[in-house]
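# Secondary and tertiary structure notes
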Amino acid sequence: MIAILGTGKMGEALLSGLLRAGVAPGEIIATARREERATALRERHGVRVVSNAEAAKVADTLILAVKPQDMAALLDEIAALVPAGRLVITVAAGITTAFVESRLGEDVPVVRVMSNTPVLVDEAMSVISAGAHAGETHLELAEELLRPVGKVLRIPESQQDAATALSGSGPAYFFYLVEAMVDAGILLGMPRAAALDMVTQSIVGAAIMLRDSGEHPVILREAVTSPGGTTISAIAELERHSVRAAFLAAIEAARDRSSQLASG
Ligand SMILES: NC(=O)C1=CN([C@@H]2O[C@H](COP(=O)(O)OP(=O)(O)OC[C@H]3O[C@@H](n4cnc5c(N)ncnc54)[C@H](O)[C@@H]3O)[C@@H](O)[C@H]2O)C=CC1
Ligand SMILES: O=C(O)[C@@H]1CCC=N1
């Protein structure tokens, strides 16, 4: 039995992915704070929604998906109830395996995961790290759960905050970029719907080329950039506005914020 505790946006995305991957609804239980949320989860996915206490007692694998700020309270609530040897997977930004171990008991196997919202379309990037008492079998179990919804990579836990900044938040940067490009289309007089179509298909095409061609992004960009042409005029402006430096600073800020989150 797999339990998802705190089934909000990320928890529900993982839940729907597990169901798409063929896990039976009877094999998954969820918890939610509000009754309307519990009803919605039952109706949408046909899973049982129970209390945190019941989930902690009956599940073999617990997926903790509350906000980082709510993690200490949740762990305190379930600490006395989780039977020995259960795998605990935490998907919260900034929450270390040591943070979970210190509240659930020092020998609990914990795997820390940072995934992202493309889990909804089975294209997630999930990075995983083992806690002090999680071994190969625990990592494999976590991989088994996450692989049907995207790519999974093992990384040292010391890199989790950086991964949170890069791939956890990553989709938001691309959506932001799309918004900005669509605004540019509007500025140039394009109808909004057409501009959104053009930008979306350009980003999808570019992403697939990047993933499937094996080419370095610089080579792919150079292939678009004709001498004396249009693209280099745009790139010159991006450079003038220090867009690359802005990305470096932004992602560094996200990494720093991730490392602060466990302390509230
Ligand atoms: N949204 C995203 O793109 C990503 C989020 N995450 C992580 O996933 C976690 C959840 O984020 P979201 O799903 O965006 O937030 P959310 O607010 O949509 O979901 C959290 C849910 O937990 C519930 N909750 C809080 N305390 C609870 C308790 N004691 N018992 C039962 N339910 C409780 C809340 O009512 C809410 O529905 C966070 O820790 C975040 O760092 C990780 C990767 C990406
Ligand atoms: O913004 C956040 O804190 C979460 C973690 C990664 C993506 N969203």
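The rules behind these values
- Residues numbered from 1 in each chain as written.
- Chains lettered and ligands numbered in written order.
- Predicted model: local features only at pLDDT ≥ 70, side-chain atom pairs only at ≥ 80, totals over all residues.
- UniProt positions renumbered as here; feature names shortened; annotations may be inferred.
- Near = placed C-beta within 6 Å.
- Nonpolar A, V, L, I, M, F, W, Y, C, P; charged D, E, K, R; others polar.
- Core = buried A, V, L, I, M, F, W, Y, C linked by C-beta atoms within 7 Å.
- Buried ≥ 20, exposed ≤ 12 C-beta atoms within 10 Å, placed from the backbone.
- Helix = DSSP H or I, 4+ residues; strand = E, 2+ residues; numbered from the N terminus.
- Contact = placed C-beta atoms within 7 Å.
- Pairing = 2+ DSSP bridges.
- Right-handed = clockwise from strand over helix to strand, strands pointing away.
- Axes fitted to C-alpha atoms, helices over the stretch in contact; angles between N-to-C directions.
- Parallel < 35°, antiparallel > 145°, perpendicular 65-115°, else oblique.
- Left-handed = near helix turned anticlockwise from the far one by under 90°.

As annotated in an unreviewed UniProt entry, the protein chain is Pyrroline-5-carboxylate reductase from Sphaerisporangium krabiense. Reading the Subcellular location (unreviewed entry) entry of the UniProt record for the protein chain gives the comment "Cytoplasm".

This part covers the site of ligand 2. Close to ligand 2 lie Ala93, Thr164, Gly168 and Ser169, which account for all nearby residues. Here the shell around ligand 2 is built from residues that sort into one nonpolar, three polar and no charged.

Core analysis: the largest hydrophobic core is formed by 54 residues, its most contacted members being Leu5, Leu62, Ile63, Leu64 and Ile89. Per-element tally for this core: the top contributor is helix α1 (residues 9–20), with five residues. If sequence neighbours within four positions are ignored, isoleucine 89 has contacts with Thr61, Leu62, Ile63, Leu64, Val111, Val113 and Ala142.

Glancing now at the environment of alanine 56. Secondary-structure assignment places alanine 56 in helix α3 (residues 52–58). Once the C-alpha coordinates of alanine 56 and arginine 86 are considered, the two residues, 30 residues apart in sequence, prove to be 9.3 Å apart. Alanine 56 has contacts with Leu62, Ile78, Leu81 and Val82, leaving out every residue within four places of it along the chain.

Note: strand β1 (residues 2–5) against strand β4 (residues 61–64), four bridges, orientation parallel. In the sheet register, leucine 5 faces β4, and the bridge partner there is leucine 64. Relative to strand β5 (residues 87–90), β4 is paired through four bridges, and the arrangement is parallel. If you follow threonine 61 over to β5, its bridge partner there is leucine 87. For the crossover from β4 across helix α4 (residues 71–78) to β5, the handedness is right-handed.

Turning next to the packing of helix α8 (residues 170–187) against helix α9 (residues 192–213). It is the contact of α8 with α9, at a shortest axis distance of 9 Å, that shows an interaxial angle of 135 degrees. Judged by the angle between their axes, α8 and α9 are oblique. As α8 runs across α9, the sense of the crossing is right-handed. Across from Phe174, Val178, Met181, Val182, Gly185 and Ile186 in α8, the residues of α9 making contact are Arg192, Ala195, Leu196, Met198, Val199, Thr200 and Ile203.

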